[in-house]
Amino acid sequence: MITGHALPRRTFLRGMGTAVALPFLDAMTPAFAAPSAPVTRVAFVYTANGVIMQDWTPAAEGTGFAFSKTLMPVEPFRDDLLVVSGLAHRNGEALGDGPGDHARAGASWLTGVHPRKTRGADIRNGMSVDQMLAETVGRDTPLPSLELGLQDVRMVGGCDSGYSCAYSNTISWSSPTTPLPYENNPSRVFARLFGDGDTTDPAARAVRARQDRSLLDFVLADAGRLRSTLGASDRRKLGDYLDSVREVERRIRNAERHDDANLPVIDRPDGIPPTFEEHVRLMSDLVAIAFQADLTRVVTLMYSREGGNRTYRSIGVPDAHHGLSHHQNDPEKMARLALIDRHHVAMFAYLLGKLRNARDGDGSLLDHSLVVYGSSLSDSNAHTHDNLPTLVAGGGGGTLRGGRHLRYADGTPMTNLFLTMLDRLGVHRDRIGDSTGRIEHLSAL
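Residues numbered from 1 in each chain as written. Predicted model: local features only at pLDDT ≥ 70, side-chain atom pairs only at ≥ 80, totals over all residues. Heavy atoms only, no water.

### Considering the state of the cysteines
Thinking step 1. Within the structure shown, the criterion is met by one disulfide.
Thinking step 2. In this model Cys 159 forms its disulfide with Cys 165; the gap between the sulfur atoms is 1.9 Å. Its S-S torsion of approximately 90 degrees makes the covalent link between Cys 159 and Cys 165 right-handed.
Thinking step 3. On the accessibility criterion, Cys 159 (36% relative accessible area) is partly exposed. (Disulfide = S-S within 2.5 Å. Buried < 20%, exposed > 50% of the residue type's maximum accessible area, 1.4 Å probe, protein only.)

### Re the packing of helix α9 (residues 276-292) against helix α11 (residues 331-357)
Thinking step 1. Relative to each other, α9 and α11 sit at 30 degrees, their axes nearing to 9 Å. By the criterion of interaxial angle, the relationship of α9 to α11 is roughly parallel. For the element pair α9 and α11, the recorded crossing hand is right-handed. When α9 is examined against α11, the residues Phe 276, Glu 277, Val 280, Arg 281, Ser 284, Asp 285, Val 287, Ala 288 and Phe 291 are found in contact with a partner set consisting of His 343, His 344, Met 347, Tyr 350, Leu 351, Lys 354 and Leu 355.
Thinking step 2. Residues that form the contact of α9 with α11 fall into these classes: nine nonpolar, three polar and four charged. (Axes fitted to C-alpha atoms, helices over the stretch in contact; angles between N-to-C directions. Helix = DSSP H or I, 4+ residues; strand = E, 2+ residues; numbered from the N terminus. Parallel < 35°, antiparallel > 145°, perpendicular 65-115°, else oblique. Left-handed = near helix turned anticlockwise from the far one by under 90°. Contact = heavy atoms within 4.5 Å. Nonpolar A, V, L, I, M, F, W, Y, C, P; charged D, E, K, R; others polar.)

### Observations concerning the sheet that holds strand β5 (residues 81-88)
Thinking step 1. Taken together, eight strands build an open sheet; the order of strands is β4-β16-β5-β15-β14-β3-β11-β6 and the sheet is mixed. If you trace the sheet from one side to the other, it starts and ends with β4 (62-63) and β6 (146-149), each paired once.
Thinking step 2. Looking at chain direction, β4 and strand β16 (residues 404-413) are connected through two bridges and run antiparallel. Following the sheet pairing, Gly 62 is matched in β16 by His 405. (Pairing = 2+ DSSP bridges.)

### Topic: the confidence of the model for the protein
Thinking step 1. Chain-level pLDDT for the protein is 84 on average; 78% of the residues reach the 70-or-more range.
Thinking step 2. Contacts for the low-pLDDT stretch residues 197-202, under 50 throughout, to residues beyond four places or in other chains number 13 contacts.
Thinking step 3. Note on residues 258-270: pLDDT is under 50 here. Beyond four places in sequence and across chains, it has 21 contacts. (pLDDT = per-residue confidence, 0-100.)

### Points about the pairing of strand β15 (residues 390-393)
Thinking step 1. The alternating pattern of β15 places Thr 390 and Val 392 on one face and Leu 391 and Ala 393 on the opposite face, and all of these are buried.
Thinking step 2. As defined by bridge partners, β5 adjoins β15 across four bridges and the pair is classed as antiparallel. From the neighbouring strand, Leu 81 faces β15, where its bridge partner is Ala 393.
Thinking step 3. In this sheet, β15 lies alongside strand β14 (residues 369-374) in antiparallel orientation, the contact comprising four bridges. The residue of β15 that forms the bridge with Gly 374 is Thr 390.

### Digging into the side chain of Ser 108
Thinking step 1. For Ser 108, the position within the fold is in helix α2 (residues 101-108).
Thinking step 2. Once you skip the residues sitting within four places of it in the chain, Ser 108 turns out to touch His 89, Gly 92, Val 113 and Ser 376.

### Overview of helix α12 (residues 414-424)
Thinking step 1. Here α12 lies mainly inside the structure; nine of its eleven residues are buried.
Thinking step 2. What α12 keeps buried is the set Met 414, Thr 415, Asn 416, Leu 417, Phe 418, Leu 419, Thr 420, Met 421 and Leu 422.
Thinking step 3. On its buried face, α12 is in contact with β3 (41-46), β5, α3 (129-136), β14, β15 and β16.
Thinking step 4. After α12 finishes, the residue Gly 426 shows a positive phi value of roughly 75 degrees.

### A few points about the side chain of Asn 91
Thinking step 1. Relative to the elements of secondary structure, Asn 91 occurs in the loop between β5 and α2.
Thinking step 2. Only 2.8 Å separates the side chain of Asn 91 from the backbone oxygen of Gly 112, close enough to count as a polar contact.
Thinking step 3. Those residues in contact with Asn 91 that sit more than four places away from it in its chain are Arg 104, Gly 112, Val 113, His 114, Pro 115 and Asp 434. (Polar contact = N/O pair within 3.5 Å; in protein donor to acceptor, adjacent residues only side chain to side chain.)

### Considerations on the pattern of salt bridges
Thinking step 1. All chains considered together, the criterion is met by 14 salt bridges.
Thinking step 2. The salt bridge partner of Glu 61 is Arg 407, with a shortest N-O separation of 3.2 Å. Taken together, the positions of Glu 61 in the loop between α1 (53-56) and β4 and Arg 407 in strand β16 put the pair 346 residues apart, joining distant regions of the chain.
Thinking step 3. Assessed through its relative accessible area of 46%, Glu 61 is described here as partly exposed.
Thinking step 4. Using a relative accessible area of 36% as the deciding quantity, one classes Arg 407 as partly exposed.
Thinking step 5. Across the salt bridge formed by Asp 285 and Lys 354, the nearest N and O atoms sit 3.5 Å from each other. Here the residue Asp 285 occupies a position in helix α9, and Lys 354 occupies one in helix α11, the gap between them amounting to 69 residues.
Thinking step 6. Residue classification places Asp 285 among the buried positions, given a relative accessible area of 3%.
Thinking step 7. Using a relative accessible area of 30% as the deciding quantity, one classes Lys 354 as partly exposed.
Thinking step 8. What emerges from the salt-bridge pattern is a single network uniting Asp 140, Asp 294 and Arg 297. (Salt bridge = Lys/Arg side-chain N within 4 Å of Asp/Glu carboxyl O.)

### Remarks on the nonpolar core
Thinking step 1. The biggest cluster of nonpolar side chains holds 62 residues, and the ones touching the most others in it are Trp 56, Val 74, Leu 193, Tyr 303 and Phe 348.
Thinking step 2. Per-element accounting of this core gives the leading share, eleven residues, to α11.
Thinking step 3. Residues in contact with Trp 56, not counting those within four places in the same chain, are Val 51, Ser 68, Thr 70, Leu 71, Val 83, Val 345, Tyr 373, Pro 389, Thr 390 and Leu 391.
Thinking step 4. Of all hydrophobic cores here, the second largest spans 38 residues; its members include Ala 48, Trp 109, Leu 370 and Val 392. (Core = buried A, V, L, I, M, F, W, Y, C linked by side-chain atoms within 4.5 Å.)

### Some words on empty space enclosed by the protein
Thinking step 1. Counted according to the given criterion, the structure contains three cavities of 30 Å³ or more.
Thinking step 2. The calculated volume of the second largest cavity comes to roughly 40 Å³.
Thinking step 3. Lining the second largest cavity are Leu 370, Thr 399, Leu 400, Met 421, Arg 424 and Leu 442.
Thinking step 4. The class makeup of the residues in the lining of the second largest cavity is four nonpolar, one polar and one charged. (1 Å grid on protein atoms, 1.4 Å probe; cavity = no way out; pocket = protein on both sides within 12 Å on 5 of 7 lines; lining within 4 Å. Points joined across faces, edges and corners; volume = space filled by probe spheres on them.)

Okay, here's the thing in structure tokens:
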């Protein structure tokens, strides 16, 4: 039946004080109205401590290049992926400030600014590109942006050669003096997205544990009433979406059962999964759901913080990450570090798969997203800030054409890429950090 009515875009299922946002359904477009253009989501995924560049960089440029050993896990996404070489962050270099490359790397990645060297409260950096997006594209969503990470976070004191921990432990800055700490507890992320409260509260967890039904059982009656008004396509979308939310909730509950376990991974607070792999996949699931429900359109996700010393025993690397990054060109240490690099890329491939498998309008979430992955150090042993390892994935709503390895002139500011991305998203800035202009070839040669 065709009517002139449509479901409101911000439609929720409600029950027992719980609200679950819905993905975009066909029924949210008024009958006979021209379909609205899909919105574009943006994510920035950071891996710290640099990479082994000889195993990262493809030998050939342009189309038809062979994926390197480190990048092999994302080869299935060739057509949705750009490998970008030659970009640099000169403001991550010492510039007379001496040691502290890790702090400067984290601080400059999304800002292009040289941070003030201080351990005190007088920190100063620059506004990050994700927050520039949050000021505009984030106006139409419940959460302007979402900052996520996988390790504990400390924003005070010194963490690197006289630099504040704020520089190493976040990549997101809402102003030159305001770093945004990330959330590493999936339970709290779930609560922020779906209004379910702070699940790390022991009393609240005990109450939930005694409940015989899950969160979604409270809204099934509402969902049933809504389902009867939808077409077959929307019913499938609604069912798939609710299944995804239920699966995330189940995995969070399973992870919380391990709170008191003696876990080998360092820097992991209570309430998160027992392994890095489980943690990053769960966070990736939450990112995909947040995008699908249009709860936010801007996300940052830090796989590791600068100077972080997580170990990776699951892939046979018991060495601490930061310590291993200072490999002194020892072939065995470099080989183990390359395993970590590849493992992080494999986790990134999982996120891309979640986005590609989620339908969005006439395509997928990946078609309508821009996802930047990389580090603000290249050669970790030498602490170099040029030729930074960078991937750009997704279609950007038709603004990006993948399947290519692009090499720009050495020293091209990374911020030129970000400035160009903002243009494609309709967010115009004259300058970001040390940018000198736009770059070409993101959508065509």
